[in-house]
Amino acid sequence: MRQWLLAVLLGLTLGPVQAQEDPLAGIEELELAGQALSPEQARQVLAEALPADKDARYTVLQRQLRAAQQLNERGRHLELARQLAEAGRGRPGGEAWIRVYLNAEFTWGSSGAALAACEPWLVDTSLSPATRAMVALRQTYYAAQGTDRAVTSRMWSRADALARPLLGRPDTPVHLREDWLHVRSEVERLEGDTLASLATLREAVGVARRNEAELRKRKLPPRDPELLEAMGWHDSAQGMLVYALVRQGRAAEAIELGQANLALWRSSQLSDTLGARWHYRLATALNAVQQFRPALVVARESAAMLQRQGVKSSSHTAWLAHQELVRSLMGLKRWSEADTVYRAFLASIDGEDTLARSRALDNRLLALLAAKSARLDEALEIANRQYGYRNRLYGARHPQTQESAGVRAVVRLMRGELAPALEDYEQLFAATLDSPGGWLDLDQRGFRGFVLGLAFEEFLDHVAQRALKGEKLPPALMERAMQLADRSMLGSTQRALVDSTARLLAATPALRHLLEQEQAQRQAAAAQFAKLPASLAQEDRLRKEMVTEAFKALPPAERKARATELAALREQIRSQKAEGGAAREQLEQRRAEIARQYPAYADLLMPPTPSAKVLRGLLERGEGLLLIHAGEHATLVWLQTSDGSLALHASPLGAEDLAAKVAQARTALDASALGKPVQTAVLHQLYRELLAPLEAQWRGLDSLLVASEGALSSLPLATLVTEPGGAQAAWLVRRLAVTQLPAASALQALRRGASPAAAARPLMGFGDPLFGAAPAPAGRGKRAVGRVDAEWGFRYAEVPPLPETRAELLALAKVLGADPQADLRLGAQATRRAVLAMPLQDRRVVAFATHGLMPGELPGISKPALAMAAEADERESPLLELDDVLNLRLNAQWVLLSACNTAAGEQGGAAMSGLVRGFFFAGARSVLATHWAVESASAAALSAATFQAAAAGAASRAASLRQAQLAMLEGRLGEGQWQHPYYWAGYALFGDPRR
């Protein structure tokens, strides 16, 4: 077990946003090798005149560079590195200064200057093959930070051709392989192949770690140049890892990695140079999980540290810090500050550094920040210009153009131009709501997430404000708002689900082949359109030139030649556009083929956003779908029934106020409230705000399906109180059954086709896993695992055992008529391996009675998991993770997660959504899980009563749970000892309540 836990812990630093770390960013520590100087000594060294003798001059330059580095004099440092790059040529080891200079220039000086410096060295055949390969790799990386993918692709072809023959040679420096892997990972990222990029980066980190470990075995002194260089490579790899983790939706691990390295900086184990970078790296991860306040603190500190160190605004490092500063300010809705910071940063960039400016300039941000700062005319001018350029480049139906329409829609909406704003929004919705594949094209990482998020938020806020005023809204407007709210519910889990399909794809070669074709076609389409900017720029140049007086003065033959050139260029542009359009059509065909052959996988990769008409057709008589979205200023509630039109209600409760009321409600339902009268006032307030205004529409229903997000997803709505006062609380569960959905779109996936025939065997259960020999926690039988973290030393054997789950599963087996010997795996047999090996398709109920672990509850765990029994083989993980769930093959009407906190809290609710969708993909119809740490005896009685009701012919699974809950709250189950909602409301049914 120790080996497995060590692997999990190492995953924090060795496991697998657009702006990316420079792979060489940490190498500069090499320059400090040697005896440290005092500040006065360093200043004296810098004041020395350079000797005329070349050898002496070379020696002094090295001493001066070390002094400049120590004094953080970045300008002098860059100039000295540039001189050393030339002075070192022809000397043993002297070519290494070329790498030092390129790294310093790109990181601290001018990105454009670093890119421009590469080509002369690259074509200089007097340099060694390894140095030329290194320069080619640097050039490729720098180009990848710009916007021209075609240029980057050409540079990578040349760099790969130079580097690859050297990689297998024993005399090739280790850092060349590390650099090649880093740049290859970056190119793969740029091409959209994030899985390949992650795999390549993991290999690179492993190479760096092993190299450093080998050097440490030699007992080198702490400031040995070779060791410092290896440490620099390792640090750089970890920096790239932060971005890779964030891209894969594993920000929690990135945060832990950032905090660990900042702890090293605070204890003086890392230099201020590295400390500044770890500040903005941490800010990247914090912004990714919307922890904007702490992100703002560390981003500001990073920018300040870099400024004190003399870092230029044109440097890559300065942009990495400032983009996180802008992101955090936008996340906090401090628009004016974000606008000021962003514009000031753009203004500070050297006007001749086109790479630095193109990397930082984002017209979407300029338009939206101008609009939010009340400069609406300026905002519209920018938005119009960007839309016009993209329309000319891609055509009106391309996702990039449709995104620009969305930016313009926000500006027009804020200007009060409602009709054109809604027309623009329809273009954006065509890309995102009507075409599920559009979410692949418009990846929401980086600033695009802020841009589209703001566009959607403004639309929903517009609808909410009109609804609060009592306006009768057009049905189409209500429906679009509902679709947006529904899609937002999938956002936090979508990346984790897609990231978890690697094992599934490995086991399904035909599907993997289709996805590889889709990805190749996506890259081909991007490559076709990548040719257009240069052609259009050339056309603009010729067109402008041909209206000048100088052109008119040319001889007729020359004018005719230019006109012929322009005509040919325009024909080339038409051809390139046609090829790009054809590539997009082929891409749509690939995606349609995936959806046709593997519809369940398509729901994971490209979840649909059903219309009100589609939802109405999915609902059965007596059912209603309630969708709740909490915005900043209001909460929107939609209701769709099987025989009615879509209804909408707006509550003035914003997300913050709603979360506060949910927290009060949870307190009223908690075990701490046992023995006291239930405080129902807040539960009735929530009912009045959310459900009461729509009661006329849902009155008479017997089943309510609820899709919610955020804090509300942690509250069982069955506990809402429909009437104040009274001897008995008027719980909503007395009036109808309540089922939860991860999103409304999940119902479409569950009810796409006819229900399969019921499985032949009743049960397969896994429980009371043998974690180790730790004693059960003291208490009253409450399954409270808490956080499995440092307080237990990360020892899996000390996870509290769950002996009471054995009795629960035995009772369930009796109710269902199952054979405990054949149908239960208990104790040491309840392993992950047993779950994966068991044929589960013939079981109607699959039960897991164990701890549920949410992201962050164990180091390296970024997705929900179930804690299974440990095995003798320490290399085997005991956690049944989301990846495993996607590979199960089920035909289960129920999956029972009798574990603690599987749906608890706001974070738990989001993670549970992903786990539930994973079980749906595997073939389950519904999941019965817990909202909080349940009490053992009442939980066993409730689950048994639920399945007894189902076996006795209850109308639906939702009705079975409702009957058991009513029996308990009315005192018929448990002889009155479990009437408090803490006991009967803990379980929630997710999924299809009937079929």
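Residues numbered from 1 in each chain as written. Predicted model: local features only at pLDDT ≥ 70, side-chain atom pairs only at ≥ 80, totals over all residues. Heavy atoms only, no water.

**Things to note about the overall build of the protein**
Defined as follows: The helix count covers DSSP runs of H or I at least four residues long, the strand count covers runs of E at least two residues long, and both are numbered beginning at the N terminus. The buried label applies to any residue whose accessible area, calculated with a 1.4 Å probe on protein chains only, is under 20% of its type's maximum; exposed applies above 50%, and partly exposed to all values in between. Residue burial considers only the protein chains on display, and all accessible areas are found by Shrake-Rupley using a 1.4 Å probe.
Secondary structure summary: the protein contains 44 helices and 14 strands in total. The buried share among the 995 residues of the protein stands at 58%. For the protein, the accessible area works out to roughly 38500 Å², and carbon and sulfur atoms hold 52% of it.

**Let's talk about unusual backbone geometry**
One non-glycine residue, Ser-268, adopts positive backbone phi at about 65°. Among the structural elements, Ser-268 can be located in the loop between α12 (251-266) and α13 (272-288). Even without being a glycine, Gln-290 presents a positive backbone phi close to 65°. Structurally, the position occupied by Gln-290 is in the loop between α13 and α14 (292-308).

**Structural notes on the nonpolar core**
Note on soluble globular proteins: their nonpolar side chains tend to be buried together. Threshold: Buried Ala, Val, Leu, Ile, Met, Phe, Trp, Tyr and Cys residues form a nonpolar core when they are joined through side-chain atoms within 4.5 Å. Throughout, a contact is declared for two residues whenever any of their heavy atoms are within 4.5 Å.
The biggest cluster of nonpolar side chains holds 106 residues, and the ones touching the most others in it are Met-330, Tyr-342, Tyr-425, Phe-459, Leu-627, Trp-638 and Leu-648. Setting aside residues no more than four positions away along its own chain, Leu-627 makes contact with Met-482, Ala-485, Asp-486, Met-489, Leu-636, Val-637, Trp-638, Ala-707 and Ala-744.

**Overview of the packing of helix α5 (residues 96-108) against helix α7 (residues 129-144)**
We count it as follows: To get an axis, fit a line to the C-alpha atoms, keeping to the stretch in contact for a helix; angles then go from 0 to 180 degrees between the N-to-C directions. Orientation labels follow simple angle bins: below 35 degrees gives roughly parallel, above 145 gives roughly antiparallel, 65 to 115 gives roughly perpendicular, and whatever is left gives oblique. Any residue that is not Ala, Val, Leu, Ile, Met, Phe, Trp, Tyr, Cys, Pro, Asp, Glu, Lys or Arg is counted as polar, Gly included; the first ten are nonpolar and the last four charged.
Contact geometry for α5 and α7: axes closest at 10 Å, N-to-C directions at 10°. By the angle class used here, α5 and α7 are roughly parallel. Across the interface between the two elements, Ile-98, Arg-99, Leu-102, Asn-103 and Phe-106 from α5 touch Thr-131, Met-134, Val-135, Arg-138, Tyr-141 and Tyr-142 from α7. Looking at the contact of α5 with α7 residue by residue, the classes come out as seven nonpolar, two polar and two charged.

**Section: the pairing of strand β4 (residues 703-707)**
Heads up, the rule is: Each pair of strands is called paired provided DSSP finds at least two bridges between the two strands.
Within β4, five of the five residues are buried, which leaves the element mostly enclosed by the surrounding structure. Of the two faces of β4, both are covered, the one formed by Ser-703, Leu-705 and Ala-707 as well as the one formed by Leu-704 and Val-706. Direction of pairing for strand β1 (residues 623-630) relative to β4: parallel, over a ladder of five bridges. Note that in β4 the partner of Leu-625 across the bridge is Leu-705. Bridge count between β4 and strand β5 (residues 737-741): five bridges; the pairing is parallel. What sits directly across from Leu-704, in β5, is Val-738.

**A few points about helix α9 (residues 174-190)**
Worth spelling out the cut-off: The span one expects for a helix is its residue count, reduced by one, times 1.5 Å.
Between its first and last C-alpha atoms α9 spans 25 Å; for 17 residues at 1.5 Å apiece the expected length is 24 Å, and the two agree. Counting buried residues in α9 gives 14 out of 17 residues, a clear majority hidden from the surface.

**Comments concerning the pattern of salt bridges**
Let me state the cut-off plainly: The salt bridge definition used is simple: a Lys or Arg side-chain nitrogen within 4 Å of an Asp or Glu carboxyl oxygen.
Per the stated rule, a full pass over the model turns up 72 salt bridges. Between Arg-82 and Glu-79 there is a salt bridge, and its shortest N-O distance comes to 2.4 Å. With Arg-82 and Glu-79 both in helix α4 (residues 74-87) and three residues apart, this pair spans about one turn of that helix. A residue is classified by how much of its surface remains accessible, and Arg-82, at 33% relative accessible area, is partly exposed. Across the pair Arg-570 and Glu-539 runs a salt bridge, and its minimum N-O distance is 3.0 Å. Highlighted residues: Arg-570 in helix α30 (residues 556-597) and Glu-539 in helix α28 (residues 532-545), separated in sequence by 31 residues. Exposure remark for Glu-539: the relative accessible area of 10% places this residue in the buried category. Salt bridges linked by common partners bring Glu-620, Glu-623, Asp-702, Arg-751, Arg-925, Asp-992 and Arg-994 together as one network.

**Considering the sheet that holds strand β9 (residues 852-853)**
Sheets are built from strands paired through backbone hydrogen bonds, the pairs being either parallel or antiparallel. Spatially, the three strands line up as an open sheet ordered β9-β10-β11, and their pairing is antiparallel. Two strands bound the open sheet, and with one partner strand each, they are β9 and β11 (879-881). Bridging between strand β10 (residues 865-867) and β11 involves three bridges; their strand directions are antiparallel. Each bridged residue has a counterpart across the sheet, and for Ala-867 the counterpart in β11 is Leu-879.

**Concerning the environment of Ser-336**
If you trace the backbone, Ser-336 turns up in helix α16 (residues 335-348). Looking at Ser-336, the relative accessible area reads 49%, which means it is partly exposed. Each C-alpha atom of the pair Ser-336 and Ser-373 lies 5.6 Å from the other, and the pair is 37 residues apart in sequence.

**Re the packing of aromatic side chains**
This is how the line gets drawn: The aromatic pairing rule takes the rings of Phe, Tyr and Trp, using the six-membered ring of Trp, and pairs them if the centres are within 6.5 Å, calling planes under 30 degrees apart stacked, those over 60 edge-to-face and the rest tilted. Lysine and arginine charges are scored as sitting over a ring when NZ or CZ, respectively, is within 6 Å of the ring centre and within 35 degrees of the ring normal.
Summed over the entire model, instances satisfying the criterion amount to 17 aromatic pairs. Summarising the aromatic geometry, the rings of Tyr-394 and Phe-529 are spaced 5.3 Å apart at their centres and angled 65° between planes, so their arrangement reads as edge-to-face. Here Tyr-394 is found in helix α19 (residues 376-394), whereas its partner Phe-529 is found in helix α27 (residues 509-530), with 135 residues between them in sequence. Under the relative-accessibility criterion, Phe-529 is labelled buried at 5%. Taken together through their ring pairs, the aromatic side chains of Phe-106, Tyr-141 and Tyr-142 make up a single cluster. For the cation-ring pair, Arg-91 lies above Tyr-58, with the distance from its terminal atom to the ring centre recorded as 4.6 Å. Positioned over the ring face of Tyr-387 is Arg-408, at 4.2 Å from the centre of the ring.

**Some details on the pairing of strand β14 (residues 987-991)**
With respect to burial, β14 is a largely interior element, five of its five residues being buried. Sheet analysis places strand β13 (residues 926-930) next to β14, joined by five bridges and oriented antiparallel. Bridge pairing links Ala-929 to Ala-988 in β14.

**Topic: the environment of Val-463**
By the secondary structure assignment, Val-463 is in helix α23 (residues 447-468). Looking at Val-463, the relative accessible area reads 0%, which means it is buried. Between the alpha carbons of Val-463 and Arg-480 there is a distance of 9.7 Å; along the sequence they are 17 residues apart. Among residues more than four places away in sequence, those in contact with Val-463 are Leu-473, Leu-477, Ala-481 and Leu-648.

**Here we look at the environment of Thr-719**
This is how it is decided: The term polar contact refers here to a pair of N or O atoms within 3.5 Å; inside protein, the definition further demands a hydrogen-donor-capable atom paired with an acceptor-capable atom, and it admits residues adjacent in sequence only when both atoms are side-chain atoms.
On the secondary structure map, Thr-719 appears in the loop between β4 and β5. Taking the C-alpha atoms as reference points, Thr-719 and Tyr-687, separated by 32 residues in sequence, lie 9.5 Å from one another. Ignoring any residue separated from it by four or fewer positions in sequence, one finds Thr-719 in contact with Leu-669, Leu-683, Trp-731, Pro-981, Trp-984 and Ala-985. Here the side chain of Thr-719 touches Pro-716 through a polar contact of 2.6 Å, landing on its backbone oxygen.

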